[in-house]
Amino acid sequence: MPHQDPTERRVVVTGPPRRTRHASGYYRPRTEIDEQTTLGHTYVRSLMRTQLRSALTVFAVLGLLVGPLPLVFAAAPEARRLEWAVLGFGLYAPLVLLARWYVRRAERNERDFVRLVEDR
Amino acid sequence: MNSSYAVPAVALVVVATVLVGAFGLRISRTTSDFYVASRTVGPRLNAAAISGEYLSAASFLGIAGLVLVQGPDMLWYPVGYTAGYLVLLLFVAAPLRRSGAYTLPDFAEARLASQAVRRLAGAFVVGVGWLYLLPQLQGAGLTLTVLTGAPETLGGLIVAVVVTATVAAGGMRSITFVQAFQYWLKLTALLVPALFLVLAWQGDGAPRHAFEEPAAFREQRLVRVQDTVDLKLERPLTVTVSGTVDGRPHDDARLELPAGTHRVTAGTRLTFDRGDPVPVPDRGTSGGMSTSLAASREERPLYATYGLILATFLGTMGLPHVVVRFYTSPHGVAARRTTVAVLALIGGFYLLPPVYGVLGRLYTPELALTGDADAAVLLLPDRMIGGLGGDLLGALVAGGAFAAFLSTASGLTMAVAGVLTQDVLPSRGVRHFRLGTGLAMVVPLAASVLVGGLPVADAVGLAFAVSASSFCPLLVLGIWWRRLTPPGAAVGMLVGGGSAFLAVAATMAGVPGSGPLHSLLAWPALWSVPLGFLTMILVSLATPGRVPAGTAAILARFHLPEELRAAEVKA
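Analysis parameters
- Residues numbered from 1 in each chain as written.
- Chains lettered and ligands numbered in written order.
- Predicted model: local features only at pLDDT ≥ 70, side-chain atom pairs only at ≥ 80, totals over all residues.
- Helix = DSSP H or I, 4+ residues; strand = E, 2+ residues; numbered from the N terminus.
- Buried ≥ 20, exposed ≤ 12 C-beta atoms within 10 Å, placed from the backbone.
- Contact = placed C-beta atoms within 7 Å.
- Nonpolar A, V, L, I, M, F, W, Y, C, P; charged D, E, K, R; others polar.
- Pairing = 2+ DSSP bridges.
- pLDDT = per-residue confidence, 0-100.
- Axes fitted to C-alpha atoms, helices over the stretch in contact; angles between N-to-C directions.
- Parallel < 35°, antiparallel > 145°, perpendicular 65-115°, else oblique.
- Left-handed = near helix turned anticlockwise from the far one by under 90°.
- Expected span 1.5 Å × (residues − 1).
- Core = buried A, V, L, I, M, F, W, Y, C linked by C-beta atoms within 7 Å.

**Concerning the overall build of chain B**
Item 1. Counting secondary structure elements, chain B contains 22 helices and seven strands.
Item 2. Split into buried and exposed, the 571 residues of chain B put 60% on the buried side.
Item 3. Considering only intrachain contacts with a sequence separation of at least 6, the fraction spanning at least 24 residues in chain B is 82%.

**A few points about the overall build of chain A**
Item 1. Helix and strand content of chain A: five helices and zero strands.
Item 2. Ordered by position in the sequence, the α and β elements of chain A form the string α-α-α-α-α.
Item 3. Taking all 120 residues of chain A together, 24% fall into the buried category.
Item 4. Contacts spanning at least 24 positions in sequence make up 62% of the contacts within chain A whose residues lie at least 6 apart.

**Some remarks on the interface of chain A and chain B**
Item 1. The interface is formed by 39 residues belonging to chain A together with 41 residues belonging to chain B.
Item 2. The residue inventory of the side of chain A that touches chain B, partitioned by class, reads 27 nonpolar, four polar and eight charged.

**Things to note about the pairing of strand β3 (residues 237-245) of chain B**
Residues and elements named next belong to chain B.
Item 1. Examined bridge by bridge, β3 and strand β4 (residues 248-257) share eight bridges and lie antiparallel to one another. Paired with Thr240 across the strands is Arg254, a residue of β4.
Item 2. With three bridges connecting them, β3 and strand β6 (residues 269-272) associate as antiparallel partners. Looking at β6, one finds that Thr240 is bridged to Thr271.

**Digging into the confidence of the model for chain A**
All names here are of chain A.
Item 1. The predicted model of chain A has a mean per-residue pLDDT of 79, with 68% of residues at 70 or higher.
Item 2. Element-level mean pLDDT values for chain A span from 66 in helix α1 (residues 29-34) up to 92 in helix α5 (residues 92-118).
Item 3. Segment residues 19-26 is flagged for pLDDT under 50; beyond a separation of four residues in sequence, or across chains, it makes six contacts in the model.

**Observations concerning the confidence of the model for chain B**
All names here are of chain B.
Item 1. Of all residues in chain B, 84% have pLDDT values of 70 or greater, and the mean over the chain is 80.
Item 2. At the level of individual helices and strands, chain B shows its lowest average pLDDT in helix α2 (residues 31-36), which scores 53, and its highest in helix α21 (residues 525-542), which scores 94.
Item 3. In the model, residues 283-297 has pLDDT below 50 throughout and makes 55 contacts with residues more than four positions away in sequence or in other chains.
Item 4. This model gives residues 567-571 a pLDDT under 50, and the stretch forms 12 contacts once residues within four places in sequence are excluded.
Item 5. Here the complex is predicted with pTM 0.83, and the ipTM for its interfaces comes to 0.83.

**Comments concerning the packing of helix α16 (residues 387-424) of chain B against helix α17 (residues 430-450) of chain B**
Residues and elements named next belong to chain B.
Item 1. In the contact formed by α16 and α17, the axes pass within 8 Å of each other and the chain directions differ by 120 degrees. Classified by the interaxial angle, the pair formed by α16 and α17 is oblique. Note on packing geometry: the crossing formed by α16 with α17 is right-handed. Facing α16, whose interface residues are Thr413, Val416, Ala417, Leu420 and Thr421, α17 presents His432, Phe433, Gly436, Thr437, Leu439, Ala440 and Met441.

**Regarding α16 of chain B**
Item 1. The terminal C-alpha atoms of α16 of chain B lie 54 Å apart, and with 38 residues this matches the ideal 56 Å at 1.5 Å per residue to within 8%.
Item 2. Across the 38 residues that make up α16 of chain B, a large majority, 31, are buried.

**Some thoughts on helix α10 (residues 301-315) of chain B**
Item 1. Helix length check: α10 of chain B (15 residues) gives 20 Å between terminal C-alpha atoms against 21 Å at 1.5 Å per residue, within 8%.
Item 2. By the burial criterion, the buried members of α10 of chain B are Ala304, Gly307, Leu308, Ile309, Leu310, Ala311, Thr312, Phe313, Leu314 and Gly315 of chain B.

**Points about the nonpolar core**
In a soluble, globular protein the nonpolar side chains are often hidden away together inside.
Item 1. Counting residues in each nonpolar core, the largest one holds 215 residues, and the members touching the most others are Ala99 of chain A together with Leu86, Val159, Leu343, Ile346, Ala376 and Ala398 of chain B.
Item 2. The biggest single contributor to this core is α16 of chain B, with 19 residues.
Item 3. Excluding residues within four positions of it along the chain, Ala376 of chain B makes contact with Ala64, Gly65, Leu68, Tyr356, Gly360, Thr364 and Leu367 of chain B.

**Side note on the packing of helix α5 (residues 76-91) of chain B against helix α12 (residues 332-349) of chain B**
All names here are of chain B.
Item 1. As a packed pair, α5 and α12 sit with axes 9 Å apart at the nearest point and diverge in direction by 170 degrees. When the axes of α5 and α12 are compared, the pair comes out roughly antiparallel. Residues Tyr81, Thr82, Tyr85, Leu86, Leu88 and Leu89 of α5 form the contact with α12, whose own contacting residues are Arg336, Thr339, Val340, Val342, Leu343, Ile346 and Gly347.
Item 2. Residues belonging to the contact of α5 with α12 are distributed by class as follows: nine nonpolar, three polar and one charged.

**Re the environment of Leu520 of chain B**
Residue and element names in this part refer to chain B.
Item 1. Within the element layout of this structure, Leu520 appears in helix α20 (residues 516-522).
Item 2. In this structure Leu520 comes out as partly exposed when scored by C-beta crowding, with 18 C-beta atoms within 10 Å.
Item 3. As for Leu520 and Tyr303, which are separated by 217 residues in sequence, their C-alpha atoms are 8.4 Å apart.

What follows is the structure, encoded as structure tokens:
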């Protein structure tokens, strides 16, 4: 460089260390994910699909639980007490239980995935 | 109501809020502290903070008032507010935290790499936030008026000043402490009086007719009608009238009103006999949080109920003050566990407002007529227990109500100020954040003074419907669908959220009048949410070339557990 502006400062450019593939051809899914190969994306996709399936399952249970209730209350207007009891007190515990069930499934999915890609 | 205890209780809540906020100020140092508490908030503290922030005036006063006036169908509101968190947990919680964004516009930009979508999301955040702030300020005004007879704007002004001061001084860190403190305060303020009220109800012989339709007077009662109302009678009713009914003046006259609608002029005194059913005021004639579009439910109750369910279930995830809380969890797994704790905390809280609603139907049924149904929670202790005990319990409830206004308002201010600072004001940093806080509060305060009288339930319902039709598609598709494009997201948000906004605005302006069209516009979620999703998907599919280059890497970041991200490569 013939001329350098004195106000320009030198900066050190760093990056994450490049991972070299094991010379032995030893297969590591973890590396595939880190290096964003097509195979790596397939792993991420499979995790997303599992997680989405868990979420949709719980969502469907929620829909089946809640969806028919307005119809039931409209069809049986004499069952006022039932409506008070269900809407006032009955639904909160099932909601919390559904949430706990989902969290347990989602965390298990993630543990399984980590075990798979870390090849343990 | 005796205000000699209630005013000190409200003052105490305000002072305690400022003190707890100041405690946070001492350890709030960096910009990151300001916005997201440096991401070190544990699940339990964070869950209490989220719940404290979420339980607003509508929850604390509004639900009991709605139940009092309109019966058990209104219990769908608290159920929907709670179930909204379950849906949030299923589709959004952990990926949103892992996205590493501070706000909804940050999320939009990180996912779609588009400044235009970011600005549009920011505009929606500010709009929804301001809409939701307005009723908080008005609720505060109403409470202070009921307690002391102070002018309506004073309560809103107090809340605005306290919130702006705490948020600007300490930012998110102090807000986390304040919110957590206020959850427990609100729970106590409803739980303790509720226990005494139930005991008083037991001592009264545990009358059960509150569950029947319609509510009935259980003793002879004189009701003074504050604002002119149209009363709908299903059966003829005999009352003693001093004042003007249907344009004819009466003086302490016994009057038999035939079935149908009757106009009762402001200031009229009606004396009802024991066992008389409480007449239902017609739509739109009385103000307050409990009269709302909900009254139009009679025209199409099933459609309206499903519209309400969809809006609350899907709208929660897009509320700006709810979403910003998830960034404070240390990692995705903690974000999920926090959400479960939140569900338990708010579910527990929502067991209480229906108790007040039921007791209100028994002991203060005339509130449905006077247009002050929201005051039921505040007035019940005095009415049922009375004396010193009633005053003290009433003071506790009043303090809790103010905690509700303060906490929700500060969460919303925080979210709106964050967007204003990052996207509107010229430079970032703590000083501009303080300026943004002022701006975030001034607009709704001015609106509440100028406009006035927008029913709380309407504004809250509008916020949920707009959020469900704009942010819900953006978040769900952004997290789970790799073919989402910036044009698709922008058009989908505009079409879904915009049409929901216009529909409810038209209803409020009274454009459609009545009939099926009215129901469609008053409860837009049932068509505007699918419309938002569909537009977003179709426009994205039509612009396949615009899928952002780094999509695969970003989705990997959203979904991979943190332990796999040691060598994460950012696209």
